[in-house]
Amino acid sequence: MKYKIKKLFSVFNLYTSSLLSGTLMGLTVAPFNVWFLAWIALAPLWVLVIEESKNLQGKRKNFPLSPLLWGIGYHGLALYWITGIHPMTWMGVPWLASLGIALFCWTFITLWGAAIVAVWAIAMRMISSENGFTRVLIGTAIWCGLEALWSHGALWWSSLSYTQSPYNLVILHLGQLSGSSAVTAAIVAVNGLLAEAWITNRRDAESAERISLVPLGFVNKYLAIAAALLITLHVIGFSLYSRPLVEPPETALKVGIIQGNVPNEIKLYPEGFRRAIEGYTTGYLTLANQGINAVLTPEGALPFFLRDLKETSLISAIREKGVVAWIGAFGERGRSYTNSLFTFTGNGEIFSRYDKAKLVPIGEYVPFEQILGGIIQRLSPLDEHQVPGSPNQVFNTPFGRAIVGICYESAFSEQFRRQAAAGGEFILSPSNDAHYSAAMPAQHHAQDIMRAIETDRWGVRATNTGYSAFVDPHGRTLWISRHNTYETHAETIYRRQTQTFYVRWGDWLTPLLLGLAALAWFVESIHRNVQANNQPSKK
């Protein structure tokens, strides 16, 4: 009985440690922003996975619950803002059904992210290695590979890389080399080396029969290399961050944004229509009188179809003032509709159109509709028919080609990279974000900062309720709005045609790491087999 109680406490401590360290990682993003914890919060999980893997050699390997708990701690806390979609009674959804939808969304996306961590742990078990450096290489490669695979799906937001935004701009400049994978690789590698330092010293202490909470020989080669790697990566990032922005005057573009602050509760009703038309028309006239070149409105700023938009007072104001406007509204495609951004020239005519390509699951479409459609419809009376735009769109404007990411698309760096490679000279990021607490738009702004750095472009972000902002190519926020307020603001940005390594070559680091990891594991396996064959046989 005493042994069973001791074992029960041991298992409880194991799972508690996993959940706690995952929660520490969750504190790195808004609203807490304790970004530096990311450099140590993965190390406890690494130790648990490696030690558990050693203990299970030759035994039945159960599902790794501790990594799942770590993932729940991280993704669950980081994405808690999803529950802000409740209550949806303004949409006709009953209060209880609204709560069910909110909890389902939060639980599903949390478990989805946690499953990625669990798969990483399973892979670390299967690809066993006795060498700590090989384990760090393999663990980093697998994590980056899983994030790359994850980013090609519909649910993608909480990469380890965004834990550093917006405060550690120096390390975020590694994104100019290979996108967010470079930042993720840095975080995983440093944590892995710290974990290997702990594992090595604890084993040395046990072999020497020393009992100490912190082994005296903790300073070893793994810790030294972890410190050197952390410093070196920040030096590389700082060298990129320190490059001056040389902006020819002829590339200047003065852009204004309007933050309409039309609550979702009234947005699709007559009062919302009235406030939107009035607010955006007044804001446009105010900005046009400041001598700007163009105005950006948020995602769905005017909740009208294009055919109805042309008769509004805003379009009349555009014809009067002659200033270009990028207007968020709805486009039609057969019997379906798109969430679109339209360029209106000074004569009130449409110059270009971009349709949102990455839609929010459940919020904007029903994934696996044939399977889940009936369940969702029982929870909600909503009947969505929104369709995505083409993944290969370009967005031309009277000032040159722009890069567009509508709301959720800010998380998908490849969308921005592709458009930058196709000649996009500046970023337009219209968003809504009105469903949630201030934590969500803060995280959204952090995503936009990363995209600006990776592509080396100026960014303009216009939202319905905040946070709207202007960002330079180094990720520095020139201006940011308040939350839940009506605001207009204008800043000068610059059109750029530079191409970072990431824009040119994409995420080359992840396949390189996977190749090096496979090679290292193969060489170690051969070496291990040779040693085993050279052992003298026992008679």
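Per an unreviewed UniProt entry, the protein chain is named Apolipoprotein N-acyltransferase, and its organism is Scytonema hofmannii FACHB-248. The UniProt entry for the protein chain carries this comment under Function (unreviewed entry): "Catalyzes the phospholipid dependent N-acylation of the N-terminal cysteine of apolipoprotein, the last step in lipoprotein maturation."

A.B. asks: Got a minute to help me understand the overall build of the protein chain in this structure?
C.D. replies: Tallying secondary structure elements over the protein chain gives 18 helices and 12 strands in all. Here the protein chain, with 539 residues, has 54% of them falling under the buried criterion. Pairs at least 24 apart in sequence give 73% of the contacts found in the protein chain among residues at least 6 apart. Here the protein chain has roughly 24100 Å² of accessible surface; of this, 63% comes from carbon and sulfur atoms.

A.B. asks: Got a minute to help me understand empty space enclosed by the protein in this structure?
C.D. replies: A probe matching the size of a water molecule, rolled over the atoms, marks out where space remains unfilled. Scanning the entire structure with this criterion turns up five cavities of 30 Å³ or more. Contributions of two or more residues to the lining of the second largest cavity are made by strand 8 (427-430), helix 16 (439-455) and strand 9 (459-462). Taken together, the residues of the lining of the second largest cavity break down into five nonpolar, two polar and two charged.

A.B. asks: How should the pattern of salt bridges be read in this particular structure?
C.D. replies: One pass over the full model with this rule turns up 15 salt bridges. For Glu278, the salt bridge identified is with Arg274, shortest N-O distance 3.1 Å. Of this pair, Glu278 and Arg274 both sit in helix 11 (residues 270-288), separated by four residues, roughly a single helical turn. Since its relative accessible area comes to 42%, Arg274 is described here as partly exposed. For Arg482, the salt bridge identified is with Glu487, shortest N-O distance 3.2 Å. For Arg482, a relative accessible area of 54% translates into the label exposed. Through salt bridges with shared partners, a single network forms among Glu247, Asp456 and Arg496.

A.B. asks: For this particular structure, what's the right way to read the UniProt feature "transmembrane region" (unreviewed entry) in the protein chain?
C.D. replies: Here the UniProt-annotated "transmembrane region" (unreviewed entry) positions come out as residues 12-28, 34-51, 63-83, 95-124, 136-157, 177-201 and 222-241. Along residues 34-51 one finds 50% helix and 0% strand; the C-alpha atoms at either end are 28 Å apart. When the span residues 222-241 is considered, its composition is 100% helix and 0% strand, and the gap between its end C-alpha atoms is 28 Å.

A.B. asks: What's the story with the packing of aromatic side chains in this structure? I'm lost.
C.D. replies: Any pair of aromatic rings gets described here by the distance separating the centres and the angle formed by the planes. By the definition in use, this model includes 21 aromatic pairs. Taking 5.9 Å as the distance between ring centres and 80 degrees as the angle between the ring planes, the aromatic pair formed by Trp35 and Phe36 counts as edge-to-face. Classification of Trp35 as partly exposed rests on a relative accessible area of 25%. An angle of 85 degrees between the planes, with centres 5.2 Å apart, marks the rings of Tyr408 and Phe412 as edge-to-face. The exposure class of Phe412 is buried, given its relative accessible area of 4%.

A.B. asks: When you look at the side chain of Asn220 in this model, what are you seeing that I'm missing?
C.D. replies: With respect to the helices and strands, the residue Asn220 is situated in the loop between helix 8 (180-207) and helix 9 (221-241). Among the polar contacts made by the side chain of Asn220, one reaches the main-chain amide nitrogen of Leu223 at a distance of 3.0 Å. In this view, Asn220 contacts Ala197, Thr200 and Asn201; residues no more than four positions away in its chain are not counted.

A.B. asks: For this particular structure, what's the right way to read the pairing of strand 5 (residues 350-355)?
C.D. replies: Across a regular strand the side chains alternate sides, sitting on one face of the sheet and then on the other. Looking at chain direction, strand 4 (residues 336-344) and strand 5 are connected through five bridges and run antiparallel. Pairing of Phe344 across the sheet is with Ile350, part of strand 5. The antiparallel hairpin formed by strand 4 and strand 5 contains five residues in its connecting segment, where Gly348 sits at a positive phi of about 85 degrees.

A.B. asks: Can you help me understand the packing of helix 4 (residues 95-126) against helix 5 (residues 132-151) in this one?
C.D. replies: Each pair of packed helices can be described by the angle between their axes along with the distance between the axes. Two numbers describe how helix 4 lies on helix 5: the axes approach to 10 Å, and their chain directions differ by 145 degrees. Helix 4 and helix 5 meet at a crossing whose hand is right-handed. Counted together, Trp112, Gly113, Ile116, Val117, Val119, Trp120, Ala123 and Met124 of helix 4 and Arg135, Ile138, Gly139, Ile142, Trp143, Leu146 and Trp150 of helix 5 form the full contact between these two elements. Class assignment of the residues belonging to the contact of helix 4 with helix 5 gives a composition of 12 nonpolar, two polar and one charged.

A.B. asks: Just checking my understanding: could you explain the confidence of the model for the protein chain for this structure?
C.D. replies: Low-pLDDT stretches of the model should not have their predicted coordinates read in fine detail. Chain-level statistics for the protein chain give a pLDDT mean of 89 and a share of 88% at 70 or above. Confidence drops under pLDDT 50 across residues 3-9; counting only partners more than four residues distant or on other chains, this segment forms zero contacts. The low-confidence segment residues 210-217, where pLDDT is below 50, has nine contacts with residues more than four positions distant or belonging to other chains.

A.B. asks: Looking at this structure, I do not really get unusual backbone geometry. What am I missing?
C.D. replies: Trans peptide bonds make up most of the peptide bonds, and negative phi angles are found at most residues other than glycine. Here the bond from Ala30 into Pro31 is cis, since omega is 10 degrees, no more than 30 degrees from zero. Among the structural elements, Pro31 can be located in the loop between helix 1 (2-26) and helix 2 (43-55). For the bond running from Ser165 to Pro166, omega is 15 degrees, close enough to zero to count as cis. Residue placement: Pro166 occurs in the loop between helix 5 and helix 6 (169-172). Residue Asp433 is not a glycine yet carries a positive backbone phi of 65 degrees. Tracing the sequence through the fold places Asp433 in the loop between strand 8 and helix 16. Of the residues examined, Asp433 reaches a relative accessible area of 1% and is grouped as buried.

What counts and how
- Residues numbered from 1 in each chain as written.
- Predicted model: local features only at pLDDT ≥ 70, side-chain atom pairs only at ≥ 80, totals over all residues.
- Heavy atoms only, no water.
- UniProt positions renumbered as here; feature names shortened; annotations may be inferred.
- Helix = DSSP H or I, 4+ residues; strand = E, 2+ residues; numbered from the N terminus.
- Buried < 20%, exposed > 50% of the residue type's maximum accessible area, 1.4 Å probe, protein only.
- Contact = heavy atoms within 4.5 Å.
- Areas by Shrake-Rupley, 256 points an atom, 1.4 Å probe, with all protein chains shown as cover.
- 1 Å grid on protein atoms, 1.4 Å probe; cavity = no way out; pocket = protein on both sides within 12 Å on 5 of 7 lines; lining within 4 Å.
- Points joined across faces, edges and corners; volume = space filled by probe spheres on them.
- Nonpolar A, V, L, I, M, F, W, Y, C, P; charged D, E, K, R; others polar.
- Salt bridge = Lys/Arg side-chain N within 4 Å of Asp/Glu carboxyl O.
- Phe/Tyr/Trp six-rings, centres within 6.5 Å; stacked < 30°, edge-to-face > 60°.
- Polar contact = N/O pair within 3.5 Å; in protein donor to acceptor, adjacent residues only side chain to side chain.
- Pairing = 2+ DSSP bridges.
- Axes fitted to C-alpha atoms, helices over the stretch in contact; angles between N-to-C directions.
- Left-handed = near helix turned anticlockwise from the far one by under 90°.
- pLDDT = per-residue confidence, 0-100.

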